[in-house]
Each structure stands twice: as C-alpha cells, then as structure tokens.
Amino acid sequence: MSSKEVLAEAGRRRTFAVISHPDAGKSTLTEALALHAKVIAEAGAVHGKAGRKSTVSDWMEMEKARGISVSSTALQFNYRSEESDDDVVNVINLVDTPGHSDFSEDTYRVLTAVDAAVMLIDAAKGLEPQTLKLFQVCRHRGIPVITVINKWDRPGRTPLELLDEIDERIGLTPTPLFWPVGIAGDFRGLLRRGEDGAPVEYVKFTRTAGGARIAPEDRLSPGEAEEREGETWTEAVEESELLSASGQDHDQEMFLAGQTSPVIFASAMLNFGVRQILDTLVALAPPPRARLDVNDTPRNVDDPFSAVVFKVQAGMDTAHRDRLAFMRVVSGVFERGMVVTHAQTGKPFATKYALTVFGRERSTVENAYPGDVVGLVNATALAPGHTLYVDRKVEFPPIPSFAPEHFSILRAESASKYKQFRKAVDQLDSEGVVQILRNDIRGDASPVMAAVGPMQFEVVAARMKAEYNVEPRMEPLGYALARRTDAASVDELNRQRGVEVFTRSDGVLLALVSDKWRLQYLRKELPELTLEPLVAAA
Ligand code: G4P
C-alpha cells in the first residue's frame, strides 16, 4: 500500500474514549453513537434495560447480533458526516475505558491509545470524581477533550453554572459549539453558534418513543426558531452572545493544546445531540498523528507498521492461553498473519490469530490502519507499553504508572512457596497488573501492592493461584495517597507518623501518606521535603 493510501486511511480515522463517572450515561451514549452510525437499527435492540450489565458484554452481544467489528475494548464503525463537504466516510474507533466496578490502571492506560476524549457530564451532577481523575490524565498526555453535557432532558443545573464549574475547577475553558434551547428538563433543541455567538441555525428535536430511534431533526433558520420558540429562543441567543463576549468561542489551536473544550448539550437517552457529537469528532478531533519513540524520533503514520500494546487481559480462571493483548496501530498497515517484532525482546510474534478470537467477519479483520485497535491472542510476552513493529525498528516510551490510591501488603501463604511467590510478583509487576513497592523495613517477603482500583488486587490473587499455584495473603495498608519524593527527604519522612517511603520497581521513591490532612500538615510544617503529586510518573 502506498504511503498516500496509508495517510488517507489514517486521515479518516478518529480514535477516542469517553471519560465519565459511573451513571453519567456512557453505555447509553455508546449505543446512541453506534445507532447514528447506523451500526444498529434501534438502540436498545441489543440489550434491554434489565440486561444492562457492562459495556463489555453489551459490545460482545452487539457483535454477535450484527457481525460488526467490536471487541470488548474497541468499537469500530463507519460514519459519514452530513456536515463535511467531501465524500469521506470516517472510521470511528471508540475505545472503552473500563471504569465502573473495575476502575483500574487499565482505565488510565486506555487513554494512551486515543487521540481525543469525550468528557461526559451528567447535567444534574456536574464534574464528578472519576471524571476528574481521567481528565487529569488527558491533560498530562495532551489529549484534547470534547465536553458533552448529558441528560439535558432531565432537570439539572443551568448551562452557565455547568460551564463555570468546568472553568473554575479544572481550568479548562468551555467553548460551546451548540447551546441548548430550553432549560434542563425542557430540551427543545440546539442553537448552533456562529461568529460572536450569533445563531447560525436551530436544530429542533422531536422525541421518539423511548428514544429508540434517531430523533428526527428539524433544521430551522434563526427567524423560524424565534417564531417557534419565542422567548426560550431569545434567551438562548442572549446567552450564546454572552459567551462570546467572555471569549468562549471555539479556537482549534487552543482545543488541540488542551486549553479549551468544545461543548455539546445532549440527551443520549433520547438521541438528541448525538449526531452533533459525531460531527464534532469528525470535524475537530485530530486524526492519528506521528508518535515519538524513546529517542524522541517521530514514527510517522506512513512509516512501516508499528503499534503500542496498551492493555493485556489475562483470563482469571484459566492459564496463559487466553491472554489477550490489545494494541493500537501507530504507523503503517497491519495485515493479519504478518510476523512482527516485539521490540522489548527482539523476538518475532506471529499474528495469525489476531482478532479471530472475537469471531469477527473475516473481511473486517484482515487489515488495520493507524488509530485502529487490534486484539492479539496468545500474547504471553506482551505487556502494556510494549512495541511491535516491522522493518524499521522502533520502541515507544513505556506507559507511565499512575497515582495509586489503594495499598495492600502481599505475602506468600507459606515459606515453602516463596520461590514461586517471588516469580509471580515479578511477573505481575512487569506486566503492570499492580505496582510493586518495597522498602528495607518490610523486606522482600512482604512487598506492598499499589493500585488505582482495588479490583487489581483481586486479579493478582486470582492469577497467582491459577498460574503459580500460590495462595497469597493480602492485608490492606492504611495509606490513602502516594507522593513522589527524593532521597534527601526519605529519612525525615520516615520519622513522621502516617508516612512510609517505598521504592517502586521503576526506581521512583514514593511516600505513602495516611490521608490528605497529614499531607497538608507535612507540607506546612516541613516545606523543604519533596512531595510531588503523581498523575503520571514520567
Ligand atoms: P454509565 O454507562 O455511564 O454508567 O451510564 P448508563 O448509560 O448505564 O446510564 C445510567 C443511567 O442514566 C441509566 O438509567 C440511563 O438510562 C440513564 N441515562 C443515560 N443517558 C440519559 C439521558 O440522556 N437522559 C436521561 N434522562 N437518562 C439517561 P438507570 O435508571 O440506571 O437505568 P434504566 O433503568 O434507565 O436503564
């Protein structure tokens, strides 16, 4: 395939994730997006409300039902934007962020595989903790964020209040592309904002039964809108102009720099505003771009094939066999069956079984392009952050470790199993299942596991048992925060109550602190000590 063709394939792709707090409507939105892309004819057709358990199984079901290119990790569909002038059909890759009961380091790692994020906010709740955490990762990684304020069909806060909250709490300037006509709970449609906030058009929605189908849209001129909606329209226009007066207009450069965020108001449930989300992704979100390798040399999208592994899923019941690694294609074309090189070991890796595990249609699995996500089976040697390539060697920087909030001591059940225990700890550590911390006081026999979510500990326990025949003992450790520190601060910190310093396996010194009050106290009383927040340990 010529470089021009690869560039064209990359150019029509948009790879993104939804970041949200549980219940904000991520599953509902995922379904609505797929519906708009005409992947499924009727939202809810795949799973009834009662059957709504997790996105993972939803997607598997969707795949079975429609034979579309779906995995538990990425949903891919074609979309043709009505707004674009050319005839390009875009390929949308929606990468799932596991984030409900299984919130874990994986949730963050997914964000290393996307080019943009949709921050989904519940109109009644505003910014919630999990959203904030994920947003911080996006900010650190320079991932541009599109904001969607969901559930506008239900009573909630005023739009200006919600925007102020985003601005004040996370310092992200919201720049609405559309403004709601009607307050939360009385969602009539969207005013499309033009220069200086002046309305370009009014997209009026009509409810369908249960929001099951794409909501019919009437596209009206501002004059017609005023006739239809009267004062409600005039208020929306005034607010829109007010936003422009305070500089809240979209600016592509500022958006890509992560300083501003285009905002759309929507109701995922009623399918209102969903087309606008897709069109915005197509129009504004960046396509796959060159990625810097460990030497800061860019791997361009039209260079020979390369990919980054961002998630490894090991079956918790059975052994190695069902280990799945998910990679994001960075450059070139992936062809199923090609033999790639695993940069970390220099060994060849056969991709004969790529994706087939999902039972996809053959036609949908043969090739993948920059931005696409591919699942590899039998991936025993692969760990998050690893690189695969062909032809020209490349190695991408490792995925950083994220700030853990859960800590637990890990011990072997009996001394006789110690050797196996050590092996298991080293393996799970190198795979990034948990972060392993050690210090001289506790010794090697009882390392401390640190995790973003407690589910990670369960994975460790299950895998130790299944793969190493070791029954680990775990004991929660009473710390709630981790801060990066340095050698000069260690002794003083270890003298403090509610603090203990550890070395993580990547060499970073981490001070675990019992709670935020203790941390505030330390900052105040001992300002000379190094205690830096850790979102991503670069
Ligand atoms: P999540 O994946 O982010 O956790 O959220 P999910 O889509 O499961 O939605 C959480 C709840 O919010 C669901 O209600 C869902 O129907 C509702 N919801 C999602 N989007 C909208 C929206 O735009 N408007 C309104 N009014 N509700 C929305 P539930 O009560 O948990 O379940 P259900 O009985 O409604 O299915």
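Right above here is the structure, for reference.
So, here is what we can say about the structure in this document. Please read all numbers here as calculations on a predicted model, not as lab measurements.

A closer look at the packing of aromatic side chains
Link 1 in the chain: This model, assessed by the stated rule, comprises nine aromatic pairs.
Link 2 in the chain: A centroid spacing of 5.3 Å and a plane angle of 80° characterise the contact between Trp 179 and Phe 265, whose relative ring orientation is edge-to-face. Taken as a pair, Trp 179 in strand E7 (residues 178-181) and Phe 265 in strand E11 (residues 260-265) lie far apart in primary sequence, 86 residues in all. Just as Trp 179 is buried, Phe 265 falls in that class too.
Link 3 in the chain: Seen from their ring centres, Phe 205 and Phe 272 are 4.5 Å apart, and the 20° between their planes marks the pair as stacked. With Phe 205 in strand E9 (residues 199-205) and Phe 272 in the loop between E11 and helix H10 (274-284), the pair connects residues that are 67 residues apart, well separated along the chain.

What to know about the site of the ligand
Link 1 in the chain: Residues in contact with the ligand amount to 17 residues; listed here are only the nearest, Asp 23, Lys 26, Ser 27, Thr 28 and Asp 153.
Link 2 in the chain: In this structure, an oxygen atom belonging to the ligand sits 2.6 Å away from a side-chain N or O atom of Ser 27.
Link 3 in the chain: Within the backbone of Met 269, one N or O atom sits 3.1 Å away from an oxygen atom of the ligand.
Link 4 in the chain: With three residues, the top contributor of residues to the shell around the ligand is helix H2 (residues 26-36).

Thoughts on the sheet that holds strand E21 (residues 387-389)
Link 1 in the chain: A sheet is described by the order of its strands in space; here six strands give the open sequence E18-E17-E21-E14-E15-E20, paired in antiparallel fashion. A strand with exactly one partner marks an edge of an open sheet, and here the two such strands are strand E18 (347-350) and strand E20 (373-377). Strand-to-strand, the axes of this sheet are offset by a mean angle of 35°, without reference to chain direction.
Link 2 in the chain: Where strand E17 (residues 339-342) and E21 come together, two bridges link them in antiparallel fashion. Following the sheet pairing, Thr 341 is matched in E21 by Tyr 389.

Thresholds applied
Residues numbered from 1 in each chain as written. Predicted model: local features only at pLDDT ≥ 70, side-chain atom pairs only at ≥ 80, totals over all residues. Heavy atoms only, no water. Phe/Tyr/Trp six-rings, centres within 6.5 Å; stacked < 30°, edge-to-face > 60°. Helix = DSSP H or I, 4+ residues; strand = E, 2+ residues; numbered from the N terminus. Buried < 20%, exposed > 50% of the residue type's maximum accessible area, 1.4 Å probe, protein only. Near = heavy atom within 4 Å. Polar contact = N/O pair within 3.5 Å; in protein donor to acceptor, adjacent residues only side chain to side chain. Pairing = 2+ DSSP bridges. Axes fitted to C-alpha atoms, helices over the stretch in contact; angles between N-to-C directions.

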